[in-house]
Amino acid sequence: YDSLLRKTRNGENAPGLAKSFERDSDSSWVFNLREGVKFHNGEPLTSEAVKFTIERILDPELDSTRASDFKWMEKAEIIDDLTVRLVANKPFALAEHYFTELQIVSPNILKELGDLTFNEEPVGTGPYKFVKWDRGNEIVLERNQNHWTSPEVERVKFRFISSAASRVATLLGGGADLITDPPITARGQIENSSKNARFVTATGTRVVFVGLDSVQESPLQNVLVRQAMNYAVDKEAILTNLLSGTGEQTTTNLTSKDFGFNPDEKPYPYDPDKARGLLAQAGYSDGFEIKMDMVNGRFINDTNVAQAIAGFLNDVGIKVNLNVLEFGAFNGAIFSKKSSPMYFASWGNPVFDPSYFFDFITRTGGLLRTIEDPEIDVLLN
């Protein structure tokens with residue numbers, strides 16, 4: 001699929017199906033669509049498809065999985081065949097990002113195929129056409145010769161190989177051009193065993209963190225305890241010894257590329273003596289016992305990282321019992337506010353904006369729970 005806007009490799013919002021747009025009020029945008037764009041079956045793209053897509057997402061009877069992303073959107077108005085106005089129900093600073101995720105579908109094609117077939121054999125305007133889906137084995141796409149970006153690669157095949165070792169072997173044997181999620185332990189193997197393969201890293205937007213729920217009753221309600229736990233964990237040792245230096249420390253769950261990141265804020269240094277002093281000051285000279293929820297295999301070397309965190313905390317008197325859950329059960333627990341007081345989680349930030357993190361995790365009644373503080377809510381608003 002194509003969206004009205006698209007992300008550049010630098011994370012900027014650029015023209016997509018819309019060759020240009022302008023904001024004509026605090027909460028409405030007029031998009032000028034590209035001429036000559038066609039869906040893969042030859043049907044021309046018009047404003048009607050954009051209007052249909054918006055209305056389909058917002059239709060409560062369909063219970064769209066995209067509805068929560070576009071709850072700020074009110075309606076779409078057709079100006080002419082290639083001009084459409086999108087109207088929001090309030091000013092929304094992240095609108096342009098979400099326009100890069102608004103994949104446009106055709107009302108005629110969807111009606112002709114029906115929901116189920118359309119899901120399994122999608123038809124869009126994107127740079128690649130769907131060819132086949134062999135479940136559990138591969139998905140094949142071919143170049144859309146009429147696409148406005150003129151994609152270079154003629155054919156794309158996604159193969160499903162669940163074993164990390166098998167993916168590495170397939171890459172080194174020439175059976176794949178790219179693999180995802182190579183184990184960190186395979187870095188040397190990939191870099192040293194083949195001149196044709198490279199192990200490539202880049203700083204992402206996902207921050208891995210230990211959530212501290214200071215709302216439910218536990219020692220974590222004491223700010224001195226939370227500070228002590230931060231001083232107790234040697235984050236640099238974890239990065240060096242368990243992640244081969246492929247991660248980086250950050251503060252307030254933002255990366256240096258996020259809007260509002262403050263480079264003057266420094267991470268807590270490793271200071272176990274200070275941690276013990278703070279615990280004593282909080283009334284926990286003998287430490288305490290607590291449970292931390294986690295999943296296995298979700299993040300790079302996550303089990304070893306969680307065990308290391310537990311080990312550092314144990315050194316200052318805090319015994320952490322690791323509670324390993326299946327990913328669905330883990331999400332169910334933290335989203336329903338029924339997790340353990342600690343949880344080992346992560347949050348991606350594709351919009352490069354702090355509200356995308358803080359609204360979900362530090363706002364009262366947010367998706368996750370760490371704190372309930374009216375003063376923080378005012379600052380977030």
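The structure reproduced in this document is the subject of the present report. (Residues numbered from 1 in each chain as written. Predicted model: local features only at pLDDT ≥ 70, side-chain atom pairs only at ≥ 80, totals over all residues. Heavy atoms only, no water.)

Topic: the pairing of strand β11 (residues 288-294)
Then, in step 1: Counting buried positions over the seven residues of β11 gives five, a clear majority of the element.
Then, in step 2: Pairing of β11 with strand β12 (residues 318-324), which is carried by seven bridges, proceeds in the parallel orientation. Bridge pairing in β12 links Ile-290 to Val-320.
Then, in step 3: Each parallel crossover has a hand, and for β11 linked through helix α10 (residues 302-315) to β12 it is right-handed. (Buried < 20%, exposed > 50% of the residue type's maximum accessible area, 1.4 Å probe, protein only. Helix = DSSP H or I, 4+ residues; strand = E, 2+ residues; numbered from the N terminus. Pairing = 2+ DSSP bridges. Right-handed = clockwise from strand over helix to strand, strands pointing away.)

Details of α10
Then, in step 1: With 14 residues, α10 should cover 20 Å at 1.5 Å per step; its first-to-last C-alpha distance of 20 Å lies within 8% of that length.
Then, in step 2: Where α10 is buried, its residues meet β10 (207-212), α7 (223-232), α8 (235-242), β11, β12 and β13 (342-347).
Then, in step 3: Backbone geometry just after α10 places Gly-317 at a positive phi near 105°. (Expected span 1.5 Å × (residues − 1). Contact = heavy atoms within 4.5 Å.)

Here we look at the layout of surface pockets
Unfilled space is identified by rolling a water-sized probe across the atoms.
Then, in step 1: Quantified by volume, the second largest pocket comes out at close to 790 Å³.
Then, in step 2: Looking at the second largest pocket, it is lined by 32 residues, and the ones nearest its centre are Tyr-98, Trp-347, Tyr-356, Phe-360 and Leu-367.
Then, in step 3: Every element with two or more residues in the lining of the second largest pocket is listed here: α11 (327-335), β13 and α12 (355-361).
Then, in step 4: A per-element tally of the lining of the second largest pocket places α11 first, with five residues.
Then, in step 5: A breakdown of the residues in the lining of the second largest pocket according to their chemical character gives 20 nonpolar, five polar and seven charged. (1 Å grid on protein atoms, 1.4 Å probe; cavity = no way out; pocket = protein on both sides within 12 Å on 5 of 7 lines; lining within 4 Å. Points joined across faces, edges and corners; volume = space filled by probe spheres on them. Nonpolar A, V, L, I, M, F, W, Y, C, P; charged D, E, K, R; others polar.)

Overview of unusual backbone geometry
Then, in step 1: For Asp-63, which is not a glycine, the phi torsion comes out positive at approximately 50°.
Then, in step 2: Looking at the element boundaries, Asp-63 is found in the loop between α1 (47-58) and β5 (73-80).
Then, in step 3: Take Asp-63: its relative accessible area is 65%, and that puts it in the exposed class.
Then, in step 4: Unusually for a residue other than glycine, Asp-181 sits at a positive phi of about 50°.
Then, in step 5: Summarising the element assignment, Asp-181 is placed in the loop between α5 (164-172) and α6 (187-193).
Then, in step 6: With relative accessibility at 63%, the residue Asp-181 sits in the exposed group.

Topic: the packing of α8 against α10
Then, in step 1: Direction vectors running N to C along α8 and α10 enclose 145°, while the axes themselves pass 11 Å from each other. In the packing of α8 onto α10, the handedness of the crossing is right-handed. On the side of α8, the interface is formed by Ala-237, Ile-238 and Leu-242, while α10 contributes Asn-304, Val-305, Ala-308, Ile-309 and Phe-312.
Then, in step 2: A class-by-class count of the residues in the contact of α8 with α10 yields seven nonpolar, one polar and no charged. (Axes fitted to C-alpha atoms, helices over the stretch in contact; angles between N-to-C directions. Left-handed = near helix turned anticlockwise from the far one by under 90°.)

Notes on the sheet that holds strand β3 (residues 18-25)
Then, in step 1: Across the sheet, which stays open at both edges, the four strands sit in the order β3-β4-β6-β5 with antiparallel pairing between neighbours. Bordering the open sheet on either side are β3 and β5, each of which pairs with just one other strand. Adjacent strand axes in the sheet meet at a mean angle of 20°, parallel and antiparallel pairs treated alike.
Then, in step 2: The sheet contact formed by β5 and strand β6 (residues 83-88) spans six bridges and is antiparallel.

Digging into the nonpolar core
Then, in step 1: Of all hydrophobic cores here, the largest spans 45 residues; its most connected members are Phe-31, Trp-72, Leu-86, Phe-99, Leu-102 and Ile-104.
Then, in step 2: Take this core: its biggest share by element is five residues, from α1.
Then, in step 3: Setting aside residues no more than four positions away along its own chain, Phe-99 makes contact with Ser-3, Leu-4, Leu-5, Trp-29, Phe-31, Trp-72, Met-73 and Leu-86.
Then, in step 4: Residues Leu-224, Met-229, Val-316 and Val-320 belong to the second largest nonpolar core, which totals 34 residues. (Core = buried A, V, L, I, M, F, W, Y, C linked by side-chain atoms within 4.5 Å.)

Considering the sheet that holds strand β8 (residues 138-143)
Strands pair in a sheet through their backbones, by hydrogen bonds, and they do so in one of two ways: parallel or antiparallel.
Then, in step 1: Read across the sheet, three strands follow the order β7-β8-β9 without closing on themselves; strand pairing throughout is antiparallel. This sheet does not close on itself; its edge strands, each paired only once, are β7 (128-134) and β9 (155-159). Shown here is a sheet whose adjacent strand axes are inclined to one another by a mean of 15°, direction ignored.
Then, in step 2: Bridge count between β7 and β8: six bridges; the pairing is antiparallel. Across the sheet, Trp-133 pairs through a bridge with Ile-139, a residue of β8.

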